[in-house]
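# Architecture at a glance
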Amino acid sequence: MPTALSSVAVPARRRFRLSAETRGIKLMLPVLLLLVLCFLVPVITLLLRSVMEPTPGWQNYAELLGSQTYVRVFFNTFMVAGVVTLITLLVGFPTAWLLAILPQRWSRLMFAVLLLSMWTNLLARTYAWMVLLQQTGLINRVLMALGVIDQPLALVNNLVGVTIGMTYIMLPFLVLPLHATLRAIDPSTLRAAAVCGASRWQSLRLVLLPLALPGIASGALMVFVMSLGYYVTPALLGGTSYMMLAELIAQLVQSLLNWGLAGAAAFVLLVVTLGLYAVQLRYLGAGRSEMGGR
Amino acid sequence: MLLDYDRLGGWRWGLVAIGSAVMLFLLLPIVFIAALSFGDSQWLVFPPPGWTTQWYQQLLTDPVWVNALLTSAKVAVMVTLLSVVLGLLAALGLARSRFFGKSALQAFFLTPMVLPVVVLAVALYAFFLKLGLTGTLTGFVIGHLIIALPFSIITIGNSLQSFDSALEDAAMICGAGPLEVKWRVTLPAIRLGLFAAAIFSFLISWDEVVLSIFMASPTLQTLPVLIWSTLRQDLTPVIASASTLLVAFTVLLMLLASFLKKGSRQ
Amino acid sequence: MTTPFLQIRGLRKTYDQVVAIDQVSLDIKQGEFMTFLGPSGSGKSTTLYIVAGFQEPTEGQVLLNGKSLLDVAPNKRNIGMVFQRYTLFPHLTVGENVAFPLRVRRRPESEVKAKVAKMLELVHLAEYRDRLPGQLSGGQQQRVAIARALAYDPPLLLMDEPLSALDKKLREEIQFELRRIHQETGVTILYVTHDQEEALRLSDRIAVFSQGRIEQVGTGEELYEHPSSRFVAGFIGNSNFLPVKVEQMGGGRARAIFPNGQAVEGDARAFAAGSEGTLMVRPEKMRIRPHAASARGLAVTVRDMTYLGDSMHFAVQTPWEQELAVRMAVGDGQGLCIGSSAVLEWDAQHGHVFA
Ligand SMILES: Nc1ncnc2c1ncn2[C@@H]1O[C@H](COP(=O)(O)OP(=O)(O)OP(=O)(O)O)[C@@H](O)[C@H]1O
Ligand SMILES: [Mg+2]
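Residues numbered from 1 in each chain as written. Chains lettered and ligands numbered in written order. Predicted model: local features only at pLDDT ≥ 70, side-chain atom pairs only at ≥ 80, totals over all residues. Heavy atoms only, no water.

## Thoughts on the interface of chain B and chain A
Spelled out, the test is: Contact criterion: two residues are considered in contact whenever any of their non-hydrogen atoms come within 4.5 Å of each other. Buried area is understood as the total, over both parts, of accessible area removed when two parts are fitted together, assessed with a 1.4 Å probe. Each salt bridge in this description consists of a side-chain nitrogen of Lys or Arg and a carboxyl oxygen of Asp or Glu lying within 4 Å of one another. Throughout this description, a polar contact denotes any pair of N or O atoms lying within 3.5 Å of each other; where both atoms belong to protein, one of them has to be capable of donating a hydrogen while the other can accept it, and for residues adjacent in sequence the pair is counted only when both atoms sit in side chains. Counting from the N terminus, the helices are the DSSP runs of H or I reaching at least four residues and the strands are the DSSP runs of E reaching at least two. Gly is placed with the polar residues, together with every amino acid not listed as nonpolar (Ala, Val, Leu, Ile, Met, Phe, Trp, Tyr, Cys and Pro) or charged (Asp, Glu, Lys and Arg).
Contact with chain B, which involves 97 residues of that partner, is made by 95 residues of chain A. Here chain B meets chain A over a buried area of about 9,100 Å², counting both sides, of which 79% is carbon and sulfur. Three residues stand out in chain B for area buried against chain A, namely Leu 2, Leu 3 and Trp 11 of chain B, and they jointly supply 9% of the buried area on that side. Our count for the chain B to chain A interface comes out at one salt bridge. We note a salt bridge from Asp 4 of chain B to Arg 191 of chain A, for which the minimum N-O separation is 2.7 Å. Counting every contact that joins chain B to chain A gives eight residue pairs in polar contact (both at pLDDT 80 or more). No other element matches helix H1 (residues 10-37) of chain B, which puts 17 residues into the side of chain B that touches chain A. Taken together, the residues that form the side of chain B that touches chain A break down as 75 nonpolar, 14 polar and eight charged.

## As for a nonpolar patch on the surface
Here is the rule: Residues enter patches when their relative accessible area tops 30% and they take part in no salt bridge; the joining distance is 9 Å for like charges and 5 Å for the nonpolar side chains Val, Leu, Ile, Met, Phe, Trp and Tyr. For the area figures, the Shrake-Rupley method with a 1.4 Å probe applies, and any residue is considered shielded solely by the protein chains shown.
A contiguous nonpolar patch, built from Val 36, Leu 40, Val 41, Ile 44, Leu 48 and Met 52 of chain A and spanning about 470 Å² of accessible area, is present on the exposed surface. Tracing the backbone through its elements, the reader meets Ile 44 of chain A in helix H1 (residues 2-52).

## Observations concerning the UniProt feature "transmembrane region" (unreviewed entry) in chain A
Put simply, the rule reads: UniProt positions are given in the numbering used here, feature names are shortened, and annotations may be inferred rather than shown by experiment.
When the UniProt feature table is mapped to this numbering, "transmembrane region" (unreviewed entry) covers residues 27-48, 73-102, 109-133, 153-176, 207-232 and 252-279 of chain A. Counting secondary structure, residues 207-232 of chain A comes out at 88% helix and 0% strand; the distance between its end C-alpha atoms is 39 Å.

## Thoughts on the sheet that holds strand S11 (residues 240-250) of chain C
Residues and elements named next belong to chain C. Definition in use: At least two DSSP bridges between two strands are required for those strands to pair. Axis geometry follows a simple rule: fit a line to the C-alpha atoms, using only the stretch in contact for helices, then measure angles between N-to-C directions, giving values from 0 to 180 degrees.
Spatially, S11-S12-S13-S20-S14 is the arrangement adopted by the five strands of the closed barrel, whose pairing is mixed. Strand-to-strand twist of the sheet, defined as the mean angle between neighbouring strand axes without regard to direction, takes the value 55°. One ladder, built from five bridges, connects S11 with strand S12 (residues 253-257); its direction is antiparallel. Of the residues in S12, the one forming a bridge with Gln 248 is Arg 255.

## Section: the UniProt feature "domain: ABC transmembrane type-1" (unreviewed entry) in chain A
With numbering aligned to this structure, UniProt lists the feature "domain: ABC transmembrane type-1" (unreviewed entry) at residues 74-280 of chain A. Between the C-alpha atoms that bound residues 74-280 of chain A there is a distance of 22 Å. The span itself is 80% helix and 0% strand.

Put into structure tokens, the structure is as follows:
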């Protein structure tokens, strides 16, 4: 009885679809509630405190941008983030490239190392670098044994240590997505460049780099933004005299109880971070929704 | 030719050299602390003069460390359960509905992932101070949950996307009720997504430092918090052993994850 | 005697255990359109890639105008190539794509401009100069690829299944253009395909590949009329294969008998008397006669007949219950109907005996 069957099936289907549209919203309520209450409200409250405490007005921002100490913190933060991004790019691009073309046997191994390093506890990694980089640490002793240096270098409690530690942490975050970009490029395109007469440098400059540019740009932006807001590694490897923005925020709250200024610093960090992500979404197309948005 | 490994000529060795150096760089600290944790030098001399398990004994007999370990585990398990359940609900909601502003809502769900953790930590700290939730398990769980949820939603959302909703309709037409459909058809199909979300959530909670520092009290702290506060005083090898345990645990979970992935392909 | 334009000598390529090609030798004349035809995995691409320089042969030599190509880096070989997949540079416009080989050769900008205009004219895409490849159809993209490959006047153009990603109609359109471009430019073309119709339509000569070796080289007509092996006969055109036992050899012909004891003759290479073989006859070379009188013919039963407009198609059954295909002009099949007994005939020169 084909007619009877279809007359039952079609309305059932339609009813399901309709009710699903509203039920979908109900399903999201718990998460929505949690995020509004324990995420949105606290963050907005913190930001509001920057213009409300100790008295309403912009004095926190004036202080933040007017004081030598705080401007120095901003400078440190942006400089470290910039240098880390640069080094990560210079080292990460060849690594991602190799990972993209290596025979599977070897690329698996590289993958495992990258994932292991990425998922190893942040403190464990930072601790290792503190020990490795200290005056009597392995790095200094190896360099001295090799005759590269006579005196131990000061590698921790300054921005050198922070840069090394941050580069270590950021490398996988650049290499993994960039490797995906490079994998998506058809090797035949590069073969075509070669038969067209392009030397390897020309192929790199005129074909591979332009094709990898979206991946390079979004990876670099991500590394830069993440570096701006990092707390643990700069705090442990940078010592107290070389402070970065995240550490400043924590200090203002924990030691100085200056919530207004902390709110202002948080606001600056937030604006820069979200602004750069917006740039990425807008211009680099990373916004193609990662989820099941149909 | 630049993307053909065996036709790269001399450049191949350049890439291999850089790649190998990076791999060594990435492995060095991990291998190094593992070795240190078994070395008998209080002053972290490397290579150590002798080998010992005394740091592990110290770690596992000191009630402070043991308590921190237990707290970490408790928090991580709760976060995992909540994150998977709530993440599943949200992902289902997003995948199976259409309304104005949906993509904005989706973006909102993912913001905790891109926000600097320190901002969230300070904001939550202020909030929980008022509510008296600092230094409580609830505080830890809520904090970790907020940063674990985006990963959960993405992972489960991806597996839902590859799962054909026509299957649900088919089950529906065969006479199954809506709840039964979810239970019998949808859940088994996205099982792997759920496992992945669980592993992600667990690791995020287990490794979380910044939020935890602000949530902790002297009597209630997770393992990373304890490592953090110990680190600020000295670099004792006990931390090396604690770190090694954390790494070992991570490796275990990663192996489990890759095992599950392999199983899914068969 | 002048040296051939392109010589491929004893090429062999192995991947670990796998032998991709072996003993591939071929001479190609200047201006020739040579096609490599063969089933998937038969080594056509491998041979082409060795000429292009993407792969190094394990053994053998490739000479262009008598000089070895193998010592020359791929980007210095000055060869044009069109790939199976679209390999236009997606970030460059059509015009910039065609200009690419000229720019990397640092030709003066005025020359580049003129040449790009001329090449786009050649492939009829002048008005698409400022589009990006992503905004073109597959057929248009392949035409741009041809323009790019010819922009620097390479003496040799390699094409690896350039049309396989296109639908039938587009394919025929571009085949037509390719012939025209070949005639207009006089470029030597090495073309890979596994489509026999395409090979016949385009080529001056065809090299048939099978399992890493060249089975036969010749014009389409030679391959069709005088296949040297059962594989070539089966790969090009339709054919009937009848089991025979060879009785006697002589003067390039074999006398053989069918399973029912009837004798038959056919072209053959050297054969040991008494060995089993196969007799191949093309469907259109066979005739069916309604009366069962002729002693020379094979008695068959008509099983099926299909009217195809320009011809009739018959399925007939031999005494040993093998089904054969026969094609005849519409008027020639009169008096036949399904189930009737008939006699199958063909001229002895159209029978070929293979091992
Ligand atoms: N990189 C490789 N590693 C191992 N074996 C290979 C490799 N490339 C090709 N082969 C093998 O070499 C043989 C010839 O391959 P080739 O690509 O030349 O075939 P083809 O005739 O071009 O086939 P198709 O029509 O499918 O393109 C095949 O058996 C193939 O499996
Ligand atoms: Mg091929």
